[in-house]
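Coordinate inspection notes
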Amino acid sequence: MLTHHHQDHVFGVKEIILSYPNIPIYGPVETKKAGTNIYVFNHDVINIMNLSITVLHTPGHTEGHVCYLSNPYFFCGDTLFSGGCGYTKYENLLDMFNSLKLISKLKNNTAIFCSHEYTKHNIKFFCSILKKNKMLNKFLKLIENKKRTVPTVLKKEKTINMFLCTNKKNIKNYIFPKLNVSEFDFFRYLRIKKNNN
Ligand SMILES: [Fe+2]
Ligand SMILES: [Fe+2]
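Just so we're clear, the structure is a prediction, and the values are computed from it rather than from any experiment.

1. Looking at the packing of helix 4 (residues 119–129) against helix 5 (residues 134–143)
Pairs of packed helices are described in terms of their axes, by the angle between the two and the distance that separates them. Relative orientation of the contacting elements helix 4 and helix 5 amounts to 155°, with a least axis distance of 10 Å. As the angle between them shows, helix 4 and helix 5 are arranged roughly antiparallel. Relative to helix 5, helix 4 is oriented so that their crossing is left-handed. When helix 4 is examined against helix 5, the residues Thr119, Lys120, Ile123, Lys124, Phe126 and Cys127 are found in contact with a partner set consisting of Leu136, Asn137, Phe139, Leu140 and Ile143.

2. Points about the coordination of the iron ion (ligand 2)
The protein atoms donating to the iron ion (ligand 2) are Asp8 (OD), His9 (NE2), Asp78 (OD) and His116 (NE2), with metal-donor distances spanning 2.1 to 2.3 Å. One way to put it: the four donor atoms around the iron ion (ligand 2) meet at angles of 88 to 154°, and that makes the site irregular. Considered as a linear motif, the donors of the iron ion (ligand 2) on their single chain read D-H-x68-D-x37-H. A separation of 3.5 Å is found between the iron ion (ligand 2) and the iron ion (ligand 1), which are bridged by Asp78. Of this pair, Asp8 sits in helix 1 (residues 7–10) while Asp78 sits in the loop between strand 6 (73–75) and strand 7 (80–81); the two residues are 70 residues apart in sequence, bridging distant segments of the chain. Note on Asp8: relative accessible area 51%, which makes it exposed.

Calculation criteria
Residues numbered from 1 in each chain as written. Chains lettered and ligands numbered in written order. Predicted model: local features only at pLDDT ≥ 70, side-chain atom pairs only at ≥ 80, totals over all residues. Heavy atoms only, no water. Axes fitted to C-alpha atoms, helices over the stretch in contact; angles between N-to-C directions. Helix = DSSP H or I, 4+ residues; strand = E, 2+ residues; numbered from the N terminus. Parallel < 35°, antiparallel > 145°, perpendicular 65-115°, else oblique. Left-handed = near helix turned anticlockwise from the far one by under 90°. Contact = heavy atoms within 4.5 Å. Donors = N, O, S within 2.8 Å, 3.2 Å for Na, K, Ca; no water. Tetrahedral: all angles 85-135°; square planar, octahedral: opposite > 155°, others 65-115°. Buried < 20%, exposed > 50% of the residue type's maximum accessible area, 1.4 Å probe, protein only.

As far as function goes, none of this settles anything; it's purely spatial.
Structure below.
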């Protein structure tokens, strides 16, 4: 099951097909060249080995990016990371904002299987912006010696992942005191800053 067309997510597919020529490869249309033979679309339901897996279109990192949800397991590719989200081009920022909003509406106990272990880097970045944030600094200390921080849980991400906290006034006011900044503008500010980090 492919989430998007980037090489670090599809590079092994051709080799798998060599060994298993009839294997079903699910993916969005943008993964066509990688060898996908079953295209998936928003809200499709795939049944594999007694599991029911729902496809969610989550554009932003790429236009056709999809995530796979089989409650409580959520495979979200490069959309959401622990403490962060995937790289987003300027013109796709609104798409990413909406995709993260969609994810934040999933059940709190959703297990987030993201594709990269970027947690420390992400938290350090937000600590550098929100210098006095006790909770983030405490979390950073907690994971400092951990080799692995994923999978994570949505409920936890709603506290440590600033891209999911754009609705929190205290955080917004810390960065933009006395300014009326919309949630999307706040997200845009954070993501652009991260793109240049
Ligand atoms: Fe990617
Ligand atoms: Fe990736």
